[in-house]
Amino acid sequence: MFSKILIANRGEIAVRIIKTARRMGIKTVVVHSDADAGSMAVEMADEAIHIGPSPAAESYLVQDKIVEAVRRSGAEAVHPGFGFLSENPVFARRLEAEGIAFIGPNPHAIEAMGDKITSKKFAAEAGVSTVPGYMGLIESSAHALQIANEIGYPVMIKASAGGGGKGIRVAHSDADMAEGFAAVKAEAQTAFGDDRVFLEKFIIDPRHIEIQVLGDKHGNIVSLFDRECSIQRRNQKVIEEAPSPLLDDATRKAMSEQAIALARAVNYDSAGTVEFVAGQDRSFFFLEMNTRLQVEHPVTELITGVDLVEQMIRSAAGERMAFGQDDLKINGWAIESRIYAEDPYRGFLPSIGRLVRYDQPEEGDQGPYTVRNDSGVREGDEISMFYDPMIAKLNTWAPTRLAAIDGMARALEDTHLQGVGHNVPFLAAVMDQDRFRSGQLSTSYIKDEFPDGFTGAAPDRRRLDILIATAAAMNEILTEQSGDPSDRTDWIVLIDRPESPKEPHGVSLGYDEDEALTLDLAGEDRALQLADIDWRPGLPQFRAVLDDIPYTAEVARIADGFAIRTGAVKARVRVLTPRMAELFARLPEKQAADTSKLIQSPMPGLVVSIAVEVGQEVKAGETVAVIEAMKMQNILRADRDGVVKAVGAKAGDPVAADDVLVEFG
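(A) The arrangement of the layout of surface pockets in detail. The space that makes up the second largest pocket amounts to roughly 620 Å³. Along the wall of the second largest pocket there are 25 residues; nearest its centre are Ala409, Asp432, Asp460, Arg462 and Arg463. At the level of secondary structure, the elements contributing two or more residues to the lining of the second largest pocket comprise α12 (401-413), α13 (424-432), α14 (434-438), α16 (461-482) and β30 (549-558). Tallying contributions element by element places α12 first for the lining of the second largest pocket, with 5 residues.

(B) Local environment of the pairing of strand β28 (residues 526-534). In this structure, strand β27 (residues 517-521) lies alongside β28, joined through 5 bridges in antiparallel fashion. Bridge pairing in β28 links Leu517 to Leu530. Between β27 and β28, which pair antiparallel one after the other, the connecting turn spans 4 residues, and Gly523 there sits at a positive phi close to 75°. In the sheet, β28 pairs with strand β29 (residues 541-546) via 3 bridges, with the strands oriented antiparallel. By the bridge assignment, Leu530 is partnered in β29 with Leu546. Here β28 folds back onto β29, and the loop between the two strands holds 6 residues, one of which, Gly538, carries a positive phi near 105°.

(C) Representation of the sheet that holds β29 within the structure. The strand order β25-β26-β27-β28-β29-β30-β31-β32 describes a closed barrel built from 8 strands, whose pairing is antiparallel. Neighbour-to-neighbour, the strand axes of this sheet turn through a mean angle of 35°, independent of strand direction. One ladder, built from 5 bridges, connects strand β25 (residues 490-496) with strand β32 (residues 569-576); its direction is antiparallel. Within the sheet, the bridge partner assigned to Val493 lies in β32 and is Val575. Running over the sheet, α12 touches β29, β30 and β31 (561-566) and is turned about 30° from β30.

(D) Representation of empty space enclosed by the protein within the structure. Scanning all chains against the criterion turns up 3 cavities of 30 Å³ or more. What the second largest cavity holds in volume is close to 50 Å³. Taken together, Ala409, Leu412, Glu413, Ala428, Thr552, Ala553, Glu554, Arg565, Thr566 and Gly567 make up the lining of the second largest cavity. Looking at the lining of the second largest cavity, the elements with two or more residues in it are α12, β30 and β31.

(E) Structural context of the packing of helix α5 (residues 107-114) against helix α6 (residues 116-125). Orientation of α5 relative to α6, taken along the N-to-C sense of each, is 90°, at an axis distance of 5 Å. Taken together, the axes of α5 and α6 lie roughly perpendicular to each other. Counted together, Glu111, Ala112, Met113 and Gly114 of α5 and Lys116, Thr118, Ser119 and Phe122 of α6 form the full contact between these two elements. Along the lines of polarity and charge, the residues of the contact of α5 with α6 split into 3 nonpolar, 3 polar and 2 charged.

(F) Layout of the side chain of Thr291. Relative to the helices and strands, Thr291 resides in the loop between β14 (284-290) and α10 (297-304). Not counting residues up to four positions away in its chain, the partners in contact with Thr291 are Ser86, Glu87, Pro105, Ala109, Ile110, Met113, Gly114, Tyr268 and Ala271.

Quick notes on the rules
Residue indices follow the written sequence of each chain, beginning from 1 at its first position. The model is predicted, so local features are restricted to residues of pLDDT at least 70 and side-chain atom pairs to those at 80 or more, both for listing and for counting; the totals for chains, interfaces and linings are taken over all residues. Computation of side-chain values: all heavy atoms of the structure, hydrogens and water removed. Cavity means a closed set of points on a 1 Å grid over the protein atoms alone, one where a 1.4 Å probe fits but cannot get out, pocket means an open set with protein on both sides within 12 Å along at least 5 of 7 lines, and lining means a residue has an atom within 4 Å of a point. Grid points are joined across faces, edges and corners, and a volume is the space filled by probe spheres set on the points. Put simply, DSSP marks the helices as runs of H or I at least four residues long and the strands as runs of E at least two long, and each gets a number from the N terminus on. For two strands to be treated as a pair, DSSP must find no fewer than two bridges joining them. For helices, the fitted line uses only the C-alpha atoms of the stretch in contact; every axis is such a line through C-alpha atoms, and the angle between N-to-C directions lies from 0 to 180 degrees. Residues are treated as being in contact if the distance between any of their heavy atoms lies within 4.5 Å. What sets the label is the angle itself: under 35 degrees gives roughly parallel, over 145 gives roughly antiparallel, 65 to 115 gives roughly perpendicular, and the rest give oblique. In the scheme used here, Gly and all other residues not listed as nonpolar or charged are polar, with Ala, Val, Leu, Ile, Met, Phe, Trp, Tyr, Cys and Pro taken as nonpolar and Asp, Glu, Lys and Arg as charged.

Set out below in C-alpha cells:
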C-alpha cells in the first residue's frame, strides 16, 4: 500500500480524498493555484505545493507541474479526482512511464472509453445498445447541418472530450445547429483543449441513469448498482439519487450486465461510470463512460457501504477486490443536492464572492435520516470565477425514498449561506414538489416545472404557519427584551411576497402550561403551538418545533419587520397593531426601475464579443453579446427591436453583474 499520495485537484473532491487517505493511514500532498492557497484542502493535507496562477490552464492542467510536484514530495501515486487531468490518457501514460501510480483506470481504458466518439463505436462493437448518431469527425458547420438533417431533429451537439455538463447544446432546427455547433466547439476548446464535436439523436422526455462499476487489476469487475441523475439544468446535474425510482429488478440487472461487459472489454480496473439515456418505458441506450470518480459518488457509497475512493486506491496498489457481486446489496435510499454559488432568482447565473456566513447541517445520524455533507469551502472562503461554483454536495440517506427526501428538506433548512447567491431555495422547492416525490422524472424536469424561471414558491398551509409563527415569536422576544409596557397580545401579521398582495393574519398570543407559545388564528378556529424556540437577536436562523414538527427558518431583521425564508418560500413579514396594519395596507407599491432599453451583464465575467455597434438596427432575438463565466459561454440576445444608442464594453473587458453592455435608443 502507498505511504503518500498526491491529489491533483482542488475543492471538495480534494477534501474528500484526504478524508479517506487519513483513515487508511496514507499521507497526502495537495497541489494548489494562487486562488486556492488558503483553501480547506491545503489546510487539511499533510503537504501543499504551489503550481501556478489561478487559471486551470496554467496550473491544474499543466502535466509538467504535477509531475514535478510528485517528485518534490516523494509521493508514490496521483489521485486526479474528477475534471482536470482525470480522463487524460496522455497524463496516465506519462505517470506510468515515470514509475508513478495513477489512481484510476489503465490508459487503454481511458483512451477507449474517455473519448465519447471512440466509446460509442466501441460500445456498438461490444453489442451495447447505443443512441443513433454520427461519431466521425465533423469538418464544418455545413457538414454538421447535413448530418443533423440525416439524423433528424432534435439533435444533441456534444464535445467529444466533454464532461460536467459543458460543451453540450440541443438543436431543434438548422438555425440552432449553425449557432450551437460554433458555440460547442468554442466551449470545448476553452474547457478541454479539444474542439472535436459529435452529434446524436436527442431522446424525447429521457431519463439519465448510470451504473457504477468497480474493477481491480486481477480481472474482477462488479456493479454497485444505479443512480438517477435526471434533474439537470443546462445538462449539469443538480439532484441525484440512488437507486433510480424508474428501474425494476430486471432492468437494473440488464443495465448492470451491459455496464460490466463494456468495462470487461477494456480490462477496466478502477471506479468508473457507464451512463445511459433511458426512456420512460425503461428502454435504455449507452450514452458514455466516465473513466473516473463521479461527482455524485456519495449516494452510491451511502446505499452500498463501499468507499469508492478507498477501492480506487487499493486497486491502483494492486490489491485484489475483497468482495464480489453477490456481497453487494442496495440498502435504503440516498439523495444528493449540489449546492452551487448561483442565483436561482436570476436564471441560475453564477455568483462569485466571499462566503460571509456558512452554517452547515449536522452530519451523521439524525434519527429518521442520516446527513453527509461533502464540502471544500468554509466560512470566509472565496468562490472564485476561475472554477466550478460548487459549494457542497449535501447528501441524505434513509430506509425509504420519501424519508430520504424529507431528510434532505430538513438538511437544506439547516443550511445557511451569506455573501453569494446560492440555489438552496430552489433545491428546497424541488423536495416539496409532488412530481419529484412521486419519482416522475426526466431531464427536462426543471424546464417543465419552472418554465418561466425560478421565483420562489407560494406557501402551502405549513409554510404559511411557519411564517406567521416565526414572525410573531421574534416580535415577542424583541418586545420582551425592550421592556414593552403594553403587554399587547393581539397582533396582525402582514405577509408581503413579491408575487402576491399583502396578506394580513390576525393572531392572539399566549402561553400554555409547558411555556410553549400559542397563537390563536383569527377567523380560522384553530391555534398553533410553538415550542423549543431557539433564537436571539442577531442569529440568522430561527429554530423551533411547530405543532410537534421541528423546522429551521432563515431570518433577518429589516427596517420595519423581518425577512423570512422557509424552504423555497421567501417573504417580508411585519407584526403590527391592527391600526398600523390598516395604514400599511394603503401604502402604494414601489415601482421597479425601467431597464427595458438596457442589455446588462447577468453575471460577473469576461466579454467574449460584442456583436453590435452604435447606430445599428437590432431585431428581437438577435445576439448582442457573449459573456464567459465559470468556463461557460452565455449568449445575450435582444428582447426587443431597437437601434443601438451606446455600447459600454468591448471584447476582453471584465464586467460585473448588472453592468450595462448595450443601450438602445
